[in-house]
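Read off the chains here:
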Amino acid sequence: MTHSTTTTTLNEDQCTTDSLSDKGPEPSALLLKRKRVINELIHTEKTYQTDMELIKDIYYNSAHSILSKHEIKQVFINLLDILVFEKEFIQLLEMAGQNDQMILENSLLDPDITIGKSFSVMMSRLEQIYGDYCKKHEDAVCKIQELGYKPEVNAYYMQCKQKIQGRTMCWDLPSLLIKPVQRILKYPLLLREITALTPESHPDYEQLALVTNEIQKVADHINEIKRRKDIVEQLIGEKKRLDRNVVQGINKRFTRRVHRKKQTATTDSQFDVLYNRLVTKKETLKHLEREIQEWCTKIQKNTKVLSDLVDSLEAVYGDSDGIGLRSIQAFRKLVIQSGTTDLEMRLQQNVFRRIESCLKLFKNPMHIIHKRNRKLIDYDRAQHLSSKGDVIDKQLQLSVEAYISINAHLLEELPIFLSLADKYCDIIIDEFACIQTSYWHKFETEWRTLTIELPFGREYTWSSIEVDYSGNMKKLHSTLNGLYSKPKETFDSNYSLQRMSSIMTSVDD
């Protein structure tokens, strides 16, 4: 009897909506109830927006003097993006609510300003913003607890907690930060209820049915992401088992190897591409580290050669004075100024440490990939058993589900990881280029200073120094050839000493 009455009421509502005329019939109970649900959607959305603004005004704005930029990002995630989104979204919902009221007042309804259209316009941004937030929410709560052990941070929590009293139904920061997760999961319920109360003849019916299905997919996707994340974190945090489980693990690996030979291996070209990119990026970083180390070693060797040259020159001319001695002293100053101590310190702090930190980030993805490959064997085994019509046991089914979750998680997260790794690698290369440029500029400046200090009489370039050196050497060779050609009996020893002194002075010049 109740079912029959309900059906009759729905039919009457549809007829009433279809027969809306200029005389303006009384709004049906169904549309009035629909209006109340729409008002609830808009009202709760505004309340939610107020809570988000409260987080920003009380917690976020005062966090910069307490927390680092990285810690703020970890705790508040993409709060600012949510606030920007909510401002636009509520404007659309309010316009849609006002426009929807017109149908009750026998006015024309603008089909482009409806609840369904509002959700449709914002759906892609909603999925991205809330997907990112929900993925990182649990980590944010853990970070809040971790930071709370610091006295200054705990004092900051307590001060902010007192400020929010009476302004929200929440009692602390974690209870506020759960709001976006609750809100995204509330939308499917509200939209389903609005759709159920909307006659099929209503201009927004088809759009509402569409966005209700889409928002449910978004909620399901977020839940799936959370489930995958839980599985992955469980694998990462997996501790070594007790000895009694070691034998079981060995047996499992042996079983996998046996079945691997009997079954066809599943291939995933998308994963293979990402995996190859991951391995290539890791090897590129290692190669970059080796190349930079080799460059630094060459600079050290060059500096050592220059230092040895100065030592040799001092050994020859150390007892002399004048131009030669001053030249050697200036050369010694250049070698000291071009030392590699500062260079090595900058490379260690700004390049090598960053490369080391970046390489450590590859540890977790590679560990998950290793687990994924092991679960893949179980997946292939299950596929093989299914093809033969055999029953899959519970433990094997769990492995299959784990493989599907891990593989999907990797396909989603690896592109993000690789993109960030590329950016981080670019930062390292840019920093190394800056260090190189700074070093060579300093080295060139010292050489120019050396040419100014030497009594060359003009500003020398590398080519002019080379030309003068070649000219002096030709003069020296010519003079030495002339001396060798003179008869020994006519050679005056006093003349020889004076002439050689003149030659060496010429060479110094």
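What you see is a predicted model, and the numbers here were worked out from it, not measured in a lab.

A few points about the overall build of the protein chain
Alright, step 1. On a plain count of helices and strands, the protein chain comes out with 17 helices and zero strands.
Alright, step 2. Relative to its 509 residues, the protein chain shows a buried fraction of 37%.
Alright, step 3. Restricting the contact set of the protein chain to residue pairs at least 6 apart, pairs at least 24 apart contribute 82%.
Alright, step 4. Accessible area of the protein chain: about 30,900 Å², with a carbon and sulfur share of 54%.

Concerning the side chain of N99
Alright, step 1. Within the secondary structure layout, N99 lies in helix α4 (residues 79–104).
Alright, step 2. Classification of N99 by relative accessible area gives buried; the value is 5%.
Alright, step 3. Separated by 2.8 Å, the side chain of N99 and the backbone oxygen of I113 make a polar contact.

Section: the environment of Y48
Alright, step 1. Looking at the element boundaries, Y48 is found in helix α2 (residues 29–63).
Alright, step 2. You can call Y48 buried: its relative accessible area is 4%.
Alright, step 3. For the pair Y48 and R183, spaced 135 residues apart in sequence, the C-alpha to C-alpha distance is 7.8 Å.
Alright, step 4. Aside from chain neighbours lying at most four places away, what touches Y48 is I82, E86, Y130, K179, P180 and R183.

Details of the packing of helix α5 (residues 115–147) against helix α8 (residues 179–196)
Alright, step 1. Remark: α5 packs on α8, axes separated minimally by 9 Å, with the N-to-C direction vectors making an angle of 145°. Handedness of the crossing formed by α5 with α8: left-handed. Here I115, F119, L126, Y130, Y133, C134 and H137 of α5 lie close against α8, whose contacting residues are P180, V181, I184, Y187 and L191.

Remarks on the packing of α2 against α8
Alright, step 1. At a minimum axis separation of 10 Å, α2 and α8 run at an interaxial angle of 170°. Classed by the angle they form, the pair α2 and α8 counts as roughly antiparallel. Contacts from R34, V37, I38, E40, L41, T44, E45, Y48, D51 and M52 of α2 reach α8 at K179, P180, R183, Y187, L190, E193 and I194.
Alright, step 2. The class makeup of the residues in the contact of α2 with α8 is nine nonpolar, one polar and seven charged.

Observations regarding the pattern of salt bridges
Opposite charge on two side chains makes pairing possible when the charged atoms of those side chains draw close.
Alright, step 1. In the structure shown here, the tally under the stated rule is 16 salt bridges.
Alright, step 2. Taking the shortest distance from any N to any O, the salt bridge between E412 and R228 comes out at 3.3 Å. In this pair, E412 sits in helix α15 (residues 394–453) while R228 sits in helix α9 (residues 205–236), placing the two residues 184 residues apart along the sequence.
Alright, step 3. On the basis of relative accessible area, E412 is assigned to the partly exposed category, the value being 25%.
Alright, step 4. Here the salt bridges share partners, and the residues they tie into one network are K135, E224, R227, R228, E412 and E413.

Comments concerning the side chain of D378
Alright, step 1. On the secondary structure map, D378 appears in helix α14 (residues 363–388).
Alright, step 2. With a relative accessible area of 5%, D378 lands in the buried category.

What about the packing of aromatic side chains?
Alright, step 1. In this structure the tally under the stated criterion is 14 aromatic pairs.
Alright, step 2. Between F89 and F119, the aromatic rings sit 5.0 Å apart at their centres with planes inclined by 85°, giving edge-to-face as the arrangement. Of the two residues, F89 sits in helix α4 while F119 sits in helix α5, which places them 30 residues apart along the sequence.
Alright, step 3. Accessibility expressed as a relative area gives 0% for F89, which makes it buried.
Alright, step 4. Its relative accessible area of 1% is what places F119 among the buried residues.
Alright, step 5. Taking 6.3 Å as the distance between ring centres and 85° as the angle between the ring planes, the aromatic pair formed by W295 and Y439 counts as edge-to-face. With W295 in helix α11 (residues 269–317) and Y439 in helix α15, the pair connects residues that are 144 residues apart, well separated along the chain. Exposure class is identical for W295 and Y439. Each is buried.
Alright, step 6. Here the aromatic residues F85, F89, F119, Y130 and Y187 are joined through ring pairs into a cluster of three or more.

Quick look at the nonpolar core
Alright, step 1. By size, the foremost hydrophobic cluster in this structure holds 58 residues, and its most contacted members are Y59, F76, F119 and Y130.
Alright, step 2. Mapped onto this core, the elements with two or more residues apiece are α2, α3 (69–76), α4, α5, α6 (151–164), α7 (173–177), α8 and α9.
Alright, step 3. Sorting elements by how many residues they give to this core places α2 first, with 13 residues.
Alright, step 4. Those residues in contact with F119, other than ones at most four positions away along the chain, are L41, F89, L93, Y187, L191 and V211.
Alright, step 5. In this structure, V232, I299, L414 and A421 belong to the second largest nonpolar core, which totals 42 residues.

Topic: unusual backbone geometry
Alright, step 1. Backbone geometry places I77, a non-glycine residue, at a positive phi of 50°.
Alright, step 2. Assignment of secondary structure puts I77 in the loop between α3 and α4.

Details of the environment of T212
Alright, step 1. As for its position among the elements, T212 is in helix α9.
Alright, step 2. Looking at T212, the relative accessible area reads 10%, which means it is buried.
Alright, step 3. Distance in space between the C-alpha atoms of T212 and L189 is 8.7 Å, their sequence separation being 23 residues.
Alright, step 4. Ignoring sequence-local partners within four residues, the contact set of T212 consists of P188, L191, R192 and T195.
Alright, step 5. In terms of polar contacts, T212 uses its side chain to reach the side chain of T195, at 3.1 Å.

Description of α14
Alright, step 1. Its 26 residues place the ends of α14 38 Å apart at the C-alpha level, agreeing with the 38 Å of an ideal helix rising 1.5 Å per residue.
Alright, step 2. The positive-phi residue at the C-terminal boundary of α14 is G389, with phi of around 85°.

Considering the confidence of the model for the protein chain
Alright, step 1. Confidence along the protein chain averages 79 in pLDDT terms, with 77% of residues attaining 70 or more.
Alright, step 2. The low-confidence segment residues 239–251 (pLDDT under 50) makes one contact with residues lying over four places distant or belonging to another chain.

What counts and how
- Residues numbered from 1 in each chain as written.
- Predicted model: local features only at pLDDT ≥ 70, side-chain atom pairs only at ≥ 80, totals over all residues.
- Heavy atoms only, no water.
- Helix = DSSP H or I, 4+ residues; strand = E, 2+ residues; numbered from the N terminus.
- Buried < 20%, exposed > 50% of the residue type's maximum accessible area, 1.4 Å probe, protein only.
- Contact = heavy atoms within 4.5 Å.
- Areas by Shrake-Rupley, 256 points an atom, 1.4 Å probe, with all protein chains shown as cover.
- Polar contact = N/O pair within 3.5 Å; in protein donor to acceptor, adjacent residues only side chain to side chain.
- Axes fitted to C-alpha atoms, helices over the stretch in contact; angles between N-to-C directions.
- Left-handed = near helix turned anticlockwise from the far one by under 90°.
- Parallel < 35°, antiparallel > 145°, perpendicular 65-115°, else oblique.
- Nonpolar A, V, L, I, M, F, W, Y, C, P; charged D, E, K, R; others polar.
- Salt bridge = Lys/Arg side-chain N within 4 Å of Asp/Glu carboxyl O.
- Phe/Tyr/Trp six-rings, centres within 6.5 Å; stacked < 30°, edge-to-face > 60°.
- Core = buried A, V, L, I, M, F, W, Y, C linked by side-chain atoms within 4.5 Å.
- Expected span 1.5 Å × (residues − 1).
- pLDDT = per-residue confidence, 0-100.

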